[in-house]
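So the chains spell out like this:
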Amino acid sequence: MTKLKPWLPLIGIGVFAVLLLVVAPAVLSMHWINNLGKYCCWAIAAVGIGLAWGRGGMLVLGQGVFFGLGAYAMAMHLTLESAGPDSLPVFMILYDPSASLPAFWEPFRSDVFTLVAIVLLPVIVAGVLGYALFKRRIKGAYFAILSQALAVALAVLISSTIRETGGDTGLSDFKYFFGFVLDDDANKVMVFMIAAALLIVCLLVVWQLGRSRFGELLIATRDAEERVRFLGYDPANIKLVAYVVAALMASVAGAMFVPIVGIITPAEIGASASILMIAGVALGGRASLFGPALGAMAIGWGQSSLGSSWPDGWVYILGLVFILVTLFLPMGLSSLFGRVKSLVWRSRDTPAAPPATTAPVLDEVEK
Amino acid sequence: MDALLPPLLNGTALGALLLLAALGLTLTFGQMGVINMAHGEFIMAGAFIAYMTQLVVTSSNISIVLALPLAFIGAGLLGLLLEVGIIQWMYRRPLDTLLVTVGVALILQQIALQIFPAQGVPVESPEWLDGQINVLGYAWPLRQVFTIVLAALCLAALAAWLKYTSFGRRIRATVQNRDLAETSGIPTRAVDRITFFVGSGLAGVAGVAASLIGGTNSQMGTQYIIPAFLVVVAGGVGQIKGTVIAAWALGIALSFFADWTTGSMAQVLAFVLVVVFLQFRPQGLFTVRTRGLT
């Protein structure tokens, strides 16, 4: 048992991969494959939030902005691809028959540029913002508020530029995905498999980061930033890396969301969408490996099933999830397993390890 | 001057509204460390109270005056309920208060959506606010002047209350050193509750002002909460003078940016402005000097 323990998460990821990549396509109907693909996208973003918030202590309330960057980069490419070479997206012609393609759309005709943009855009934005904030030691609530303000700003900007970005109606009606016809079931399964595989990759990345020296430093920074600084490390750099990785994951999630769901609107990237991403992470357990992904899938399921069949009740449930989880289970459902295990094994095991940090001790002393 | 005056005056009024929204936060966030994301929904509650007062007292001339104290008490009671029900268990986990109150905000929005029509309700402005006054050739709507006067009154009352009353002294003592205050015989729990009541009540007053300027609907809180927090962050936490300057500056900046570009671009630019500003003053305009590590 003890020899196996460090590899348990890896086995877990393996089982998860088999379930998603082998079992799900064989068992589920097309409708559910599509839904599961959507949940996978939210889960990818959630894995990044788990890294930044659960392990790094940065409450990223505005991941929607990076989700949106990836999503709109992909959506612009797919729109142009569907429109065909040298022609304009339909919505632009509707608003103004004599319109010309805005300059920032032009490079998205290229496959390679789009893929590079999906990776580089969030890295640049998160890098600049993170550098500016972390170097000046802006943290905690300040950081949370500022990150949410950024998401709101981007959503407002997009919804007000109808002629350039489609505004509140967003971008939709994609026919091709890098040459593949999106209306074909086989291609839909392929897109789902890409999203699921990316989720597995993200889990592997977070697992590897967690057991590296970087992961230890990240958790140390979360729990006692000053001590890390006094030991000669720069907490700003550590946080910056985690924040940029989280942003990148959110962007990839957004990029896959577009071909799976078929539409992207500012509502998917604004404040409430960002809060929805946080809800899943909080529910599942922010500091655990699988908690964020599974929590995000659960919330995603609730959002798309209950959210449409019983919208009023769903908002109350969502609100209660926030309140109850934060009050009684700050480390989410995944911490339940630890608690049960320690109850069962308390008699024969050595004293249970202290619960994964709930509150940074040093911060309290400072205040 | 002709081009500069209107955005300057409009910006001042917008700044006054932001100040009203942010004043309560300087108490709950600045003095108590609670990040209350439901503050915007308390503003919404104030606006709806203004509407309900108008249903009972049909004369809009009187109802708006009556609505101010009612909204203060109504939103204050909501805040008290939040403090007693949830927040009091979470003082040691400040970041988690943010998540809890996000949940509260969602629930309050949904309640409002189910009680009131989704498209919002009209709050009539009283006749004595319908006119304009002439400022150097620009017809300045009286409603904007009203917001500024209201903000100034609330500001003066709050500052005097904190500075000159024995209760204000107790709040400041509790903020500076909770343990020492408690050993000196100050009932810190009661102080917490009343601080939260007043902070939330101010949001109600802001709601009445907001109902005269923008729409009154279940989503209105979300548009005030982020700017209000930005004001508190830029002003320096717990610093009323910082909040005043930051609110005014942000209001002016927003209306000038909106004048030069568009309303939505103005929000983006204002965000950039705050981030750049924090590069020079990471703790906000005014800071409390402490020996603690920051």
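Please refer to the structure higher up on the page.
What counts, and at which threshold
- Residues numbered from 1 in each chain as written.
- Chains lettered and ligands numbered in written order.
- Predicted model: local features only at pLDDT ≥ 70, side-chain atom pairs only at ≥ 80, totals over all residues.
- Helix = DSSP H or I, 4+ residues; strand = E, 2+ residues; numbered from the N terminus.
- Rg over C-alpha atoms; globule rule 2.2 N^0.38 Å.
- Buried ≥ 20, exposed ≤ 12 C-beta atoms within 10 Å, placed from the backbone.
- Pairing = 2+ DSSP bridges.
- Contact = placed C-beta atoms within 7 Å.
- Nonpolar A, V, L, I, M, F, W, Y, C, P; charged D, E, K, R; others polar.
- Core = buried A, V, L, I, M, F, W, Y, C linked by C-beta atoms within 7 Å.

What to know about the overall build of chain B
When you go through chain B residue by residue, the secondary structure sums to eleven helices and two strands. Traced from its N-terminal end to its C-terminal end, chain B shows the element sequence α-α-α-α-β-β-α-α-α-α-α-α-α. In terms of overall size, chain B behaves like a compact globule, its C-alpha atoms giving a radius of gyration of 19 Å where 294 residues would be expected to give roughly 19 Å. C-alpha atoms of chain B, sized along the principal axes, occupy 60 × 45 × 35 Å. Residue burial in chain B is summarised as follows: out of 294 residues, 52% are buried.

Side note on the pairing of strand β2 (residues 138–141) of chain B
Residue and element names in this part refer to chain B. By the bridge criterion, four bridges tie strand β1 (residues 132–135) to β2 in an arrangement that is antiparallel. Within β2, the residue paired with Ile133 across the bridge is Trp140. Once β1 ends, the chain turns through two residues before running back antiparallel as β2, passing Leu136 with a positive phi of about 50°.

Quick notes on the interface of chain A and chain B
Listed as interface residues are 40 residues of chain A and, on the opposing side, 37 residues of chain B. For the side of chain A that touches chain B, the elements supplying multiple residues, two or more each, are α5 (111–135), α6 (140–160), α12 (271–284), α14 (311–328) and α16 (361–366) of chain A. Here the side of chain A that touches chain B takes 14 residues from α6(A), the largest share from any one element. Split into classes, the residues belonging to the side of chain A that touches chain B amount to 28 nonpolar, five polar and seven charged.

Some words on the nonpolar core
With 209 residues, the main nonpolar core has Ala43(A), Ile44(A), Ala45(A), Ala246(A), Met249(A), Ala253(A) and Leu20(B) as its most contacted residues. Of the residues forming this core, the biggest block, 19 residues, is contributed by helix α11 (residues 235–261) of chain A. Those residues in contact with Ile44(A), other than ones at most four positions away along the chain, are Leu198(A), Leu199(A), Cys202(A), Met249(A), Val252(A) and Ala253(A).

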